[in-house]
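# Report on the structure
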Amino acid sequence: MKFEDLLLEIGGFGRFQILILFILCLPRINLPMHFLLHNFLAATPSHHCAIPHQEAFVNLTVEEVLLISIPREPDGTFRSCEMFSRPQFQLLLNSSLQPENDSIIQPCQHGWVYDHSQFTSTISTQWDLVCERRGLNQATATFFFIGVTMGAVVFGYLSDRFGRKAMLLLSLVCSVVFGMLSAASVSYSMLAITRTLTGVALSGVSLIVLPLGMEWVDIQHRTLTGILTSIFWSVGNMLLAMVAYLVREWHWLLVAVTGPCLLSIVCLWWVPESARWLIANGKVKQAHRHLLRCARMNGRKDFAEDMPLIMYAQRIVLQWQHKKPGESYSYISLFRTPVLRKISLCSGAVWFGVAFSYYGMSMNLTGFGLNMYLSQFVFGIIEIPAKMIMYVLVNRVGRRQCQAWALILTGLCIGANVIIPKPFTSLRSVVAIMGKGFSEAAFTTVFLYTSELYPTVLRQNGMGYTSFVARLGGSLAPLVFLLDEVWRSLPEVTYCGVAVCCGSVAFLLPETLHVRLPEGIEDIE
């Protein structure tokens, strides 16, 4: 008897599963509030060089002081990173005659003055992460995703070794601790370290929530489970825009997005360990207790009498097929057999492309002509219909086609905005929103698809490995913005090329539509 058959007997999608999914969706809401927090935490407002002895120009207006102290860009705006070595009073007579002698222009010598109309403070204004220190600003997001990358490896292994629930609880507790320490940072180094550790902790939440819910649901409702769980990510996206709009000071913004983890810790009390994992690891008595609870909540009390015999049979089947005494699995197991090796390599490439393009778009809120809070909110809203459409398509067209074309179309939308002229802001915004929808469709599908590709004994290792590769993509995505110093459109061209190439790799993966979740490596091979 397969585990799916046992689930059908006790209710594969009843009140028990709905309760679990609802509780697991609470930490899911919290994830994008941290993963996309860099947009607001490290936002760089308008700024210019601080002008020394400004009080000496008592007869000049603020605009006139800037005119004689700060050189202008060709579009008439004041430069952010340079100033005149001495006041250019002749510009008061004719401001259009900008000095051609570059020797009188120098980098900012006395710090910067920031526009605080939109942000009370960010880490950019706190530690002057602008101009030549701009790379450190973008590196903050990279440090966070490096932590997420390390966490994917750690929690992928630990959740297969010690169970899903225990590791989810550990990751939530660590998220609260390191999140609050980030808010209390007194130096950039402290912030970088604590944000990295927060990424490690949140990686466990990201990695465990979906498989834990999926392993309690029957085949017919697996897709619905993946889509519903994913929708709460979009809800978190929209909530981030609202929270960031209300909280403009970066310390309190970190507190605001970390606090909800406490609610998730409390609610986790009602979530059981995965019975599928317990059985696969020989912990039949605990699985028996959870399955009995599931049967009672789903109104299958008559089934409880037959449960011991079924559990015994299930244990024998799983141990005989998949788990010899003392046998253990690791990340190396993902590459030992031919079919599993191909799945691991291709799914890793797809995850890299999905994360790289998704975060590339999500962290460019000001590049499409919309207010950044509105962009964040609209990007969150567009994800919901994208998920609804994918729910229909993955069940009709199949996982593989949906995954490949969603990622390819994401790349094409990014590439289109390279060609569309800047003055066409409305058209650029529409194309960007479409691209964000395709990007989220690709992300929604890849979570569902990957959890169906790997067998139970390696599922968390597989999710950990693909999450590791995805976070590499997420880590590199913010740094690609620095390529605009080479060519203004180079970041977008890079995102486009990677998305199209990685989307094409998805055609090499097997289809999993209406296929039982594999229990062991033999089922894959």
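No experiment lies behind these values; they were computed from the predicted model shown.

The rules behind these values
- Residues numbered from 1 in each chain as written.
- Predicted model: local features only at pLDDT ≥ 70, side-chain atom pairs only at ≥ 80, totals over all residues.
- Heavy atoms only, no water.
- Helix = DSSP H or I, 4+ residues; strand = E, 2+ residues; numbered from the N terminus.
- Rg over C-alpha atoms; globule rule 2.2 N^0.38 Å.
- Lys, Arg positive; Asp, Glu negative; His and termini not counted.
- Charge placed at Lys NZ, Arg CZ, Asp CG, Glu CD.
- Axes fitted to C-alpha atoms, helices over the stretch in contact; angles between N-to-C directions.
- Parallel < 35°, antiparallel > 145°, perpendicular 65-115°, else oblique.
- Nonpolar A, V, L, I, M, F, W, Y, C, P; charged D, E, K, R; others polar.
- UniProt positions renumbered as here; feature names shortened; annotations may be inferred.
- Core = buried A, V, L, I, M, F, W, Y, C linked by side-chain atoms within 4.5 Å.
- Buried < 20%, exposed > 50% of the residue type's maximum accessible area, 1.4 Å probe, protein only.
- Domains from an automatic or database assignment.
- Left-handed = near helix turned anticlockwise from the far one by under 90°.
- Contact = heavy atoms within 4.5 Å.
- Patch = residues over 30% accessible without salt bridge, like charges linked within 9 Å, V, L, I, M, F, W, Y side chains within 5 Å.
- Areas by Shrake-Rupley, 256 points an atom, 1.4 Å probe, with all protein chains shown as cover.
- Salt bridge = Lys/Arg side-chain N within 4 Å of Asp/Glu carboxyl O.
- Phe/Tyr/Trp six-rings, centres within 6.5 Å; stacked < 30°, edge-to-face > 60°.
- pLDDT = per-residue confidence, 0-100.
- Buried area = accessible area lost by both parts, 1.4 Å probe.
- Polar contact = N/O pair within 3.5 Å; in protein donor to acceptor, adjacent residues only side chain to side chain.

## Some remarks on the overall build of the chain
Per the secondary structure count, the chain includes 21 helices and four strands. For 525 residues, the compact-globule formula gives about 24 Å, and the C-alpha radius of gyration of the chain, at 26 Å, lands near that figure. Along the three orthogonal principal directions, the C-alpha set of the chain runs to about 95 × 45 × 40 Å. Side-chain charges in the chain split into 39 positive and 34 negative, and the spacing between the mean points of these groups amounts to 10 Å.

## Focus on the packing of helix α9 (residues 222-246) against helix α16 (residues 372-396)
Working note: a packed helix pair is described by the angle between its axes plus the distance between those axes. Contact pair α9 / α16: the axes reach a minimum separation of 8 Å and the direction vectors enclose 175 degrees. The angle between α9 and α16 falls in the class roughly antiparallel. Taken together, the residues of the contact of α9 with α16 break down into 17 nonpolar, seven polar and two charged.

## Some points on the UniProt feature "transmembrane region" (unreviewed entry) in the chain
According to UniProt, the feature "transmembrane region" (unreviewed entry) maps to residues 139-159, 166-186, 192-212, 224-246, 252-271, 343-361, 373-393 and 405-424 in the numbering used here. Along residues 373-393 one finds 100% helix and 0% strand; the C-alpha atoms at either end are 31 Å apart.

## Some details on the nonpolar core
A general trend in soluble globular proteins is that nonpolar side chains are found buried together. Among the nonpolar cores identified, the biggest contains 117 residues, and F35, L168, Y359 and F443 are the most heavily contacted of them. A total of twelve residues in this core trace back to one element, the largest contributor, which is helix α8 (residues 188-214). Residue-level mapping places this core at the junction of two domains, with at least three residues from each of domain 1 (1-40 + 128-320) and domain 3 (334-524). Judged by nonpolar contacts, the second largest core, of 13 residues, contains I70, C108, W112 and Y114.

## Re the packing of helix α15 (residues 338-362) against helix α18 (residues 425-453)
Two numbers describe how α15 lies on α18: the axes approach to 9 Å, and their chain directions differ by 150 degrees. Here α15 is positioned roughly antiparallel relative to α18, judged by the angle of their axes. Relative to α18, the crossing made by α15 is left-handed. On α18, the residues that touch I343, V350, W351, V354, A355, S357, Y358, Y359, M361 and S362 of α15 are A432, G435, K436, S439, E440, A442, F443, V446, F447, T450 and L453. Each residue belonging to the contact of α15 with α18 can be placed in one class, and the counts come to 14 nonpolar, five polar and two charged.

## A word on a nonpolar patch on the surface
A cluster of nonpolar side chains, L169, V173, V177 and L181, forms an exposed patch at the surface whose accessible area comes to about 290 Å². Residue position: L169 is located in helix α7 (residues 164-183).

## A look at the packing of aromatic side chains
Counted by the stated rule, this structure contains 22 aromatic pairs. Each ring, one from F35 and one from F145, has its centre 5.9 Å from the other, and the planes form 80 degrees; the classification is edge-to-face. On the criterion of sequence distance, the pair formed by F35 in helix α2 (residues 15-35) and F145 in helix α6 (residues 134-162) is long-range, its members being 110 residues apart. On the basis of relative accessible area, F145 is assigned to the buried category, the value being 0%. Ring centres of Y358 and F443 lie 5.0 Å apart, and the angle between their planes is 90 degrees; on these two criteria the pair is classed as edge-to-face. Residue Y358 is found in helix α15, and its partner F443 is found in helix α18; the two are separated by 85 residues along the sequence.

## What about the pattern of salt bridges?
For the structure on display, the rule yields ten salt bridges. Between K436 and E383 there is a salt bridge, with the nearest N and O atoms lying 2.4 Å from each other. With K436 in helix α18 and E383 in helix α16, the pair connects residues that are 53 residues apart, well separated along the chain. Each member of the pair K436 and E383 is classed as buried. Connected via shared salt-bridge partners are D160, R164, E215 and R459.

## Quick notes on the side chain of T149
Note that T149 resides in helix α6. For T149, the contacting residues outside a window of four places in its chain are F468, R471, L472 and S475.

## Focus: the environment of V515
Examined against the element boundaries, V515 turns out to sit in the loop between α20 (490-505) and α21 (521-524). When its relative accessible area of 41% is taken as the criterion, V515 is described as partly exposed. For the pair V515 and V505, spaced ten residues apart in sequence, the C-alpha to C-alpha distance is 21 Å.

## Structural notes on the confidence of the model for the chain
Mean pLDDT for the chain: 85, with 93% of residues reaching 70 or above. The least confident element of the chain, judged by mean pLDDT, is helix α14 (residues 307-322) at 51; the most confident is helix α10 (residues 250-258) at 96.

## Quick notes on helix α4 (residues 62-69)
Taken together, the buried positions of α4 are V65, L66, L67, I68 and S69. For α4, the secondary structure elements touched by its buried residues are β1 (47-49) and β2 (82-84).

## Structural notes on the environment of S85
Within the element layout of this structure, S85 appears in the loop between β2 and β3 (105-107). In sequence terms S85 and Q109 are 24 residues apart; their C-alpha atoms lie 9.3 Å from each other. Among residues more than four places away in sequence, those in contact with S85 are I104 and Q106.

## Re the domain arrangement of the chain
Splitting the chain by domain gives domain 1 (1-40 + 128-320), domain 2 (47-114) and domain 3 (334-524). With centres defined by C-alpha atoms, the gap from domain 1 to domain 3 works out at 20 Å. With 55 residues of domain 1 in contact, the opposing surface of domain 3 contributes 52 residues. Of the roughly 4,800 Å² buried between domain 1 and domain 3 on both sides combined, carbon and sulfur atoms contribute 64%. Across the contact surface, domain 1 and domain 3 share three salt bridges. For E215, the salt bridge is made with R459, and the minimal N-O distance between the two is 3.4 Å. One can count 17 residue pairs in polar contact (both at pLDDT 80 or more) joining domain 1 with domain 3. Of the residues forming the side of domain 1 that touches domain 3, the biggest block, 16 residues, is contributed by α6. Class assignment for the residues of the side of domain 1 that touches domain 3 results in 30 nonpolar, 14 polar and eleven charged.

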